[in-house]
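Working through the structure, step by step
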Amino acid sequence: MRFSTTAIAAVGVLSGLATAIDIINIQNRHFVNSKTQKPFFLKGVDYQPGGSAKVEKGGDPLSDPKTCARDIYLFQKLGINTIRVYSVDPTANHDECMTMLAAAGIYLVLDVNSPLEHQHLNNKLPWTTYTPMYLEHIFGVIEVFSGYDNMLAFLAGNEVIFDDDSAEASPNYVKAVVRDMKAYITNHVHRIIPVGYSNADDLKFRTSLAHYLECGDTGYIDFFGVNSYQWCGDNTFKGSGYDKLVEDYTSYSLPVFFTEYGCNEVRPRVWEEVAALYSEDMTAVFSGGLVYEFTEEDNEYGIVKLDDDNTANIMGEYDSLLTAFAAAPSEPKIPSSATNPKRPVNCPAASSFENINGNLTLPFTLGEKYIDSGVSKKTFVKGKFLELSSVSMTTDYDINDSKDKAISDKTIKAVDDVTQAPIPAGGHGINTGGGVGTGGDKSSKSGDTTDSGAIAIAGKALGWPLALVAVGFVAFL
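Keep in mind that this is a model prediction, so the values were computed, not measured.

The rules behind each value
Residues numbered from 1 in each chain as written. Predicted model: local features only at pLDDT ≥ 70, side-chain atom pairs only at ≥ 80, totals over all residues. Heavy atoms only, no water. Pairing = 2+ DSSP bridges. Helix = DSSP H or I, 4+ residues; strand = E, 2+ residues; numbered from the N terminus. Axes fitted to C-alpha atoms, helices over the stretch in contact; angles between N-to-C directions. Contact = heavy atoms within 4.5 Å. Phe/Tyr/Trp six-rings, centres within 6.5 Å; stacked < 30°, edge-to-face > 60°. Buried < 20%, exposed > 50% of the residue type's maximum accessible area, 1.4 Å probe, protein only. Salt bridge = Lys/Arg side-chain N within 4 Å of Asp/Glu carboxyl O. Core = buried A, V, L, I, M, F, W, Y, C linked by side-chain atoms within 4.5 Å. Parallel < 35°, antiparallel > 145°, perpendicular 65-115°, else oblique. Left-handed = near helix turned anticlockwise from the far one by under 90°. Nonpolar A, V, L, I, M, F, W, Y, C, P; charged D, E, K, R; others polar. Expected span 1.5 Å × (residues − 1). Polar contact = N/O pair within 3.5 Å; in protein donor to acceptor, adjacent residues only side chain to side chain. Disulfide = S-S within 2.5 Å.

Let's shift gears to the sheet that holds strand S7 (residues 151-158). The 8 strands lie next to each other as S4-S5-S6-S7-S8-S9-S10-S11, forming a closed barrel whose pairing is parallel. Strand-to-strand twist in this sheet, taken as the mean axis angle between neighbours without regard to direction, amounts to 25°. Helix-sheet contacts for helix H4 (residues 132-145) involve strand S6 (107-111) and S7, and the interaxial angle to S7 is about 170°.

With that settled, the discussion passes to the packing of aromatic side chains. Enumeration over the complete set of coordinates arrives at 27 aromatic pairs. Both rings, one in Tyr229 and one in Tyr292, keep their centres 6.3 Å apart while their planes meet at 90°; by these two values the pair is edge-to-face. Taken together, the residues span a long stretch of sequence, with Tyr229 in the loop between strand S9 (223-228) and helix H8 (242-249) and Tyr292 in the loop between strand S11 (286-291) and strand S12 (304-306) at a distance of 63 residues. The burial state of Tyr229 is the same as that of Tyr292; both residues are buried. Aromatic pair Phe258 and Phe286: ring centres 5.0 Å apart, planes at 45°, arrangement tilted.

Judged by pairing direction, the sheet is mixed, and its 3 strands sit side by side in the order S12-S13-S15 without closing on themselves. Single-partner strands in this sheet number two, and they are S12 and strand S15 (399-400). Bridging between strand S13 (residues 312-314) and S15 involves 2 bridges; their strand directions are parallel. Counted as the bridge partner of Ala312 is Ile399 from S15. The strands touched by helix H2 (residues 65-78) within the sheet are S12, S13 and S15, with S13 carrying the most contacts at an inclination of about 15°.

This next bit is on unusual backbone geometry. The step from Arg267 to Pro268 runs through a cis peptide bond, and the omega angle for that step is -5°. Along the chain, the position of Pro268 falls in the loop between strand S10 (256-261) and helix H9 (272-277). The omega torsion of the bond from Tyr292 to Glu293 falls at 0°, within 30 degrees of zero and hence cis. Positionally, Glu293 belongs in the loop between S11 and S12. Although it is not a glycine, Gln37 sits at a positive phi angle of roughly 65°.

Applying the stated rule across the entire model yields 12 salt bridges. Glu260 is the salt-bridge partner of Arg84, the closest N and O atoms lying 3.7 Å from each other. Of this pair, Arg84 sits in strand S5 (residues 82-85) while Glu260 sits in strand S10, and the two are 176 residues apart along the sequence. Owing to a relative accessible area of 0%, Arg84 belongs among the buried residues under this scheme. Of the charged contacts in the structure, one is a salt bridge between Lys124 and Asp163, with a shortest N-O distance of 3.3 Å. Remark: Asp163 occurs in the loop between S7 and helix H5 (164-169) and Lys124 occurs in the loop between S6 and H4; sequence separation between them is 39 residues. Looking at Lys124, the relative accessible area reads 32%, which means it is partly exposed. Residues joined in a network through salt bridges with shared partners are Arg84, Asp111 and Glu260.

Moving on, we get to the nonpolar core. Membership of the largest hydrophobic core comes to 128 residues, with the highest contact counts inside it found for Phe75, Ile83, Phe145, Phe154, Tyr249 and Phe286. In terms of residue count, helix H6 (residues 171-188) provides more of this core than any other element does, 9 residues in total. Not counting the four nearest positions on each side in its chain, Phe145 is found in contact with Leu62, Val88, His94, Met98, Leu108, Leu110, Met151 and Phe154.

Contact geometry of H4 with H6 gives a least axis separation of 10 Å together with a crossing angle of 45°. Between H4 and H6, the interaxial angle falls into the category oblique. As for the relative orientation of H4 and H6, their crossing is right-handed in sense. Taking contact as the criterion, the partners of Tyr134, Leu135, Ile138, Phe139, Ile142 and Glu143 in H4 are, on H6, Val177, Asp180, Met181, Tyr184, Ile185 and His188. For the contact of H4 with H6, the per-class residue count stands at 9 nonpolar, 1 polar and 2 charged.

Here the focus is the pairing of strand S4 (residues 42-46). Here S4 lies mainly inside the structure; 5 of its 5 residues are buried. Across 4 bridges, S4 lies against S11 in parallel orientation. Bridge pairing in S11 places Val45 opposite Val291. Pairing analysis gives 3 bridges linking S4 to S5, with the strands arranged parallel. Looking at the pairing, Val45 lines up with Ile83 of S5.

The topology assignment puts Thr129 in the loop between S6 and H4. Contact partners of Thr129, with chain neighbours within four places excluded, come to His120, Leu121, Asn122 and Tyr134.

Let us look at helix H7 (residues 203-214). An α-helix turns once per 3.6 residues; consequently, residues spaced three or four apart project the same way. Compared with an ideal rise of 1.5 Å per residue, which puts 12 residues at 16 Å, H7 spans 17 Å between its outermost C-alpha atoms and is within 8% of the ideal. Taken residue by residue, H7 has Phe205, Arg206, Ser208, Leu209, Ala210, Tyr212, Leu213 and Glu214 as its buried positions. Where H7 begins, one side-chain oxygen reaches toward the backbone nitrogen of Lys204, 2.8 Å away; that side chain belongs to Asp202. A positive backbone phi angle near 100° is found at Gly216, which sits one or two residues after H7.

This next bit is on the state of the cysteines. Cysteine pairs can be covalently joined through their sulfur atoms, and such a bond is termed a disulfide. Going through the model one piece at a time under the given rule, you end up with 3 disulfides. Across the disulfide from Cys215 sits Cys347; the S-S distance is 1.9 Å. Since a negative S-S torsion denotes a left-handed disulfide, the Cys215-Cys347 link at about 100° is right-handed. Here Cys215, found in the loop between H7 and S9, pairs with Cys347, found in the loop between strand S14 (343-344) and helix H11 (368-373); they are 132 residues apart in sequence, far enough to count as distant. Cys347 matches Cys215 in its accessibility class, with the two residues each being buried. A sulfur-sulfur separation of 2.0 Å characterises the disulfide bridge that pairs Cys232 with Cys263. One quick way to see it: the torsion about the S-S bond of Cys232 and Cys263 is about 100°, and its sign makes the bridge right-handed. Here Cys263 lies in the loop between S10 and H9 and Cys232 lies in the loop between S9 and H8, a separation of 31 residues in the sequence. Across this residue pair, the class does not change: Cys232 and Cys263 are buried.

Take it as geometry only, folks, not as evidence of what the structure does.
This is the structure we're talking about:
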């Protein structure tokens with residue numbers, strides 16, 4: 001498989017692109033604003049109204065402008081900069097909602113899977129669901145959402161490995177999905193968008209899986225998401241075990257952030273962990289996090305309750321979270337003592353990964369034709385920002401505050417420009433760990449390391465010598 005000349009040419013064009021909301025890259029073990037070069041710490045919420053079980057073909061949380069206007073108003077009022085969405089339909093239109101998010105200064109972390117058939121891995125029998133149809137869905141999500149500058153990162157999986165059976169069957173399939181996503185992005189997306197994984201809150205698999213997904217020359221992640229619910233009620237950095245959590249990842253080379261947090265064993269939640277998360281106790285290792293979750297569902301983790309008529313009712317925990325976010329530093333600092341460990345280019349022996357199957361031989365991709373030629377551009381239309389004048393920045397739905405008083409002014413305030421230069425054809429052309437075959441010869445060896453965060457390239461790629469870019473191509477040919 002070879003890259004097109006347009007993909008190679010796109011690398012030289014990128015530096016001249018004008019952007020609306022600033023693109024976020026990765027350098028070493030932190031996210032950074034590509035324009036200001038300041039660290040970017042995620043401060044946000046997880047967002048899937050109705051829960052993942054209610055996902056349907058033809059609609060998702062980012063396809064209904066009226067719902068988006070209501071909720072983005074509440075996101076902005078809360079003071080967040082990122083949301084995570086678990087499931088989308090890539091055949092739906094998301095331009096208006098993504099434009100509103102960008103205008104509000106809000107980024108998206110997006111899971112590429114959904115609960116629907118042919119859109120996720122069976123974690124006990126992954127070979128039965130790792131199919132061309134599955135990969136077409138994943139690549140379709142990437143194709144559509146790569147058009148938006150506020151597309152922060154993709155998640156290749158959420159809690160795929162959470163028990164002994166899945167830990168035996170699925171690790172190398174997760175790594176294969178990461179590999180496939182990166183190959184598609186390299187060939188068909190004009191900029192590098194990080195690919196990561198969201199881990200289950202289980203000490204048995206947490207660190208071993210993180211290191212398994214970090215290493216190797218093929219299919220390595222760019223960041224690791226931790227779902228953690230260990231700070232409950234009135235607690236402390238040490239009493240909650242957050243100090244041990246930081247210790248677990250101190251030597252980790254990639255960015256780490258909470259993809260879910262917010263224990264609800266003690267209600268109402270008081271969000272003391274927010275102060276710790278954005279303090280120098282954690283910022284050397286953690287890049288912020290996402291509260292689970294925005295809307296109140298049956299599991300009772302929400303901060304906003306929705307009525308059947310689409311009225312949004314702010315809960316008390318929304319107010320207390322707003323207070324906690326407001327008290328956190330607006331620009332968290334990375335302590336001077338912070339280090340940047342090197343990412344292991346080569347993996348240790350498979351047997352060294354505790355409690356998981358460390359098999360480093362990856363299944364040959366079943367999505368090669370899409371990696372080579374792309375998905376249908378008619379079915380999966382690359383997203384684009386709209387003229388702000390054509391977007392309604394307010395909602396018709398009612399919103400009540402926590403005292404059940406109606407809010408009258410429900411207008412999203414535009415804080416970022418949404419003009420955007422045309423996106424060049426082809427991909428960015430840099431191999432960041434994609435491919436079509438096995439994990440490669442290096443993947444089962446130990447020893448060598450390279451500059452941490454393969455995706456330090458995201459901040460540095462455009463300044464690389466062409467010879468170094470060429471090395472990336474060789475691995476793919």
